[in-house]
Amino acid sequence: MRLILLGPPGAGKGTQAKMLKEKFRIPQISTGDILRQAVKNNTELGLRAKAFMDAGQLVPDDVVISLIKERIWQEDCLTGFILDGFPRNIAQAEKLMETLVEMSLVINNVIDLEVDAKEVVERLTGRSTCSDCGDMFHEVSRPPKAKGFCDSCGGKLEQRRDDNSETIQERLKVYEQSTAPLKEFYRKQGNLKTVEAKGSAEEVFFHVCRMIK
Ligand code: AP5
């Protein structure tokens, strides 16, 4: 199965991708996670991406496209993968299609997670992530047992640099301008399924699974 998760910042793409990865035993490919790791490690990729990410802007297409091309050719992607945060605009979607044609593969599912802007702001301002294992928490919907520390590994919880009100507004703007048109792109291909991403993560997961071909 090859699946794309679409949706605005904070829609729950990462949360759902992690649950899908467990259920279907295929890798989650999150461009955001790959880029954040590169920033943390001060790699050339990270140095190039950091300013864009901090400003809530998209990292240039050539950077993320080559990153994805390299990743989906890896052996663990042979049985499928979940794309979380890619593609982010029509140019990226077209490049992805070209690459998959070269590999004689297709995308079988595109799931759009719908949430309103108010919910996005609540989800993102309340989010914290483990600096060691990447597990994710929310001060209301999934509070950690010990404040500031990860339930899974005891690591320190951090707030993402781009989860501040100003950058969230910019990310929402970028989503509307560049990413939302992908809904029409995939609708025309007959692939798009929409899930109202309200309710608990488990409830959303139930609806996502029902949509999967
Ligand atoms: P990226 O990391 O992809 O961020 P995003 O799209 O803004 O999405 P988020 O990770 O913030 O949210 P999410 O939808 O995954 O929600 P989550 O599950 O975490 O990108 C970051 C940056 O990297 C971009 O701005 C850009 O600069 C760059 N970038 C990445 N990909 C790129 C690309 N392809 N091209 C160019 N640039 C790129 O959930 C959020 C919170 O809500 C959590 O606390 C969670 O616990 C909680 N939550 C989840 N589900 C529920 C629920 N059902 N009910 C209540 N709370 C919930």
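Look up: the structure comes first, before these words.
Residues numbered from 1 in each chain as written. Predicted model: local features only at pLDDT ≥ 70, side-chain atom pairs only at ≥ 80, totals over all residues. Heavy atoms only, no water.

Student: Break down the environment of glycine 7 for me, with residues and values.
Tutor: Topologically, glycine 7 is positioned in the loop between β1 (2–6) and α1 (13–24). C-alpha separation for the pair glycine 7 and aspartate 112, spaced 105 residues apart in sequence, amounts to 5.3 Å. Beyond its immediate stretch of four places on either side in the chain, glycine 7 contacts Lys13, Asp112, Leu113 and Tyr175. (Helix = DSSP H or I, 4+ residues; strand = E, 2+ residues; numbered from the N terminus. Contact = heavy atoms within 4.5 Å.)

Student: Outline the pairing of strand β3 (residues 81–84), supporting the account with residue identities and numerical values.
Tutor: Burial along β3 is two-sided: the face carrying Phe81 and Leu83 and the face carrying Ile82 and Asp84 are both buried. In the sheet, β1 pairs with β3 via four bridges, with the strands oriented parallel. Residue pairing across strands places isoleucine 4 opposite leucine 83, the latter belonging to β3. Two strands pair when backbone bridges link them, and strand β2 (residues 28–30) and β3 are joined in this way by three bridges, in the parallel orientation. Residue isoleucine 29 lies in a different strand from β3, and its bridge partner there is leucine 83. (Buried < 20%, exposed > 50% of the residue type's maximum accessible area, 1.4 Å probe, protein only. Pairing = 2+ DSSP bridges.)

Student: Explain the sheet that holds strand β5 (residues 127–130) residue by residue, including any values.
Tutor: Working definition: the strands of a sheet are paired by backbone hydrogen bonds and lie parallel or antiparallel to each other. Strand order in the open sheet formed by three strands is β6-β5-β7, and the pairing between neighbours is antiparallel. Taken across any chain shown, the strands that pair with only one partner, and hence form the sheet edges, are β6 (136–138) and β7 (157–158). Pairing geometry for β5 and β7, over two bridges, is antiparallel. Along β7, the bridge assignment pairs threonine 129 with glutamate 158.

Student: So, the pattern of salt bridges: which residues are in play, and what are the values?
Tutor: Applying the stated criterion across every chain, the model contains 17 salt bridges. With a shortest N-O distance of 4.0 Å, glutamate 114 and lysine 183 are connected by a salt bridge. A residue pair is termed long-range when its members are at least 10 positions apart, and glutamate 114 in strand β4 (residues 109–114) and lysine 183 in helix α8 (residues 181–188) qualify at 69 residues. Bridged by salt links that share partners, the residues Arg127, Arg160, Asp162, Asp163 and Arg171 form one connected network. (Salt bridge = Lys/Arg side-chain N within 4 Å of Asp/Glu carboxyl O.)

It is worth stressing that arrangement in space is one thing and function is another; only the former is reported here.
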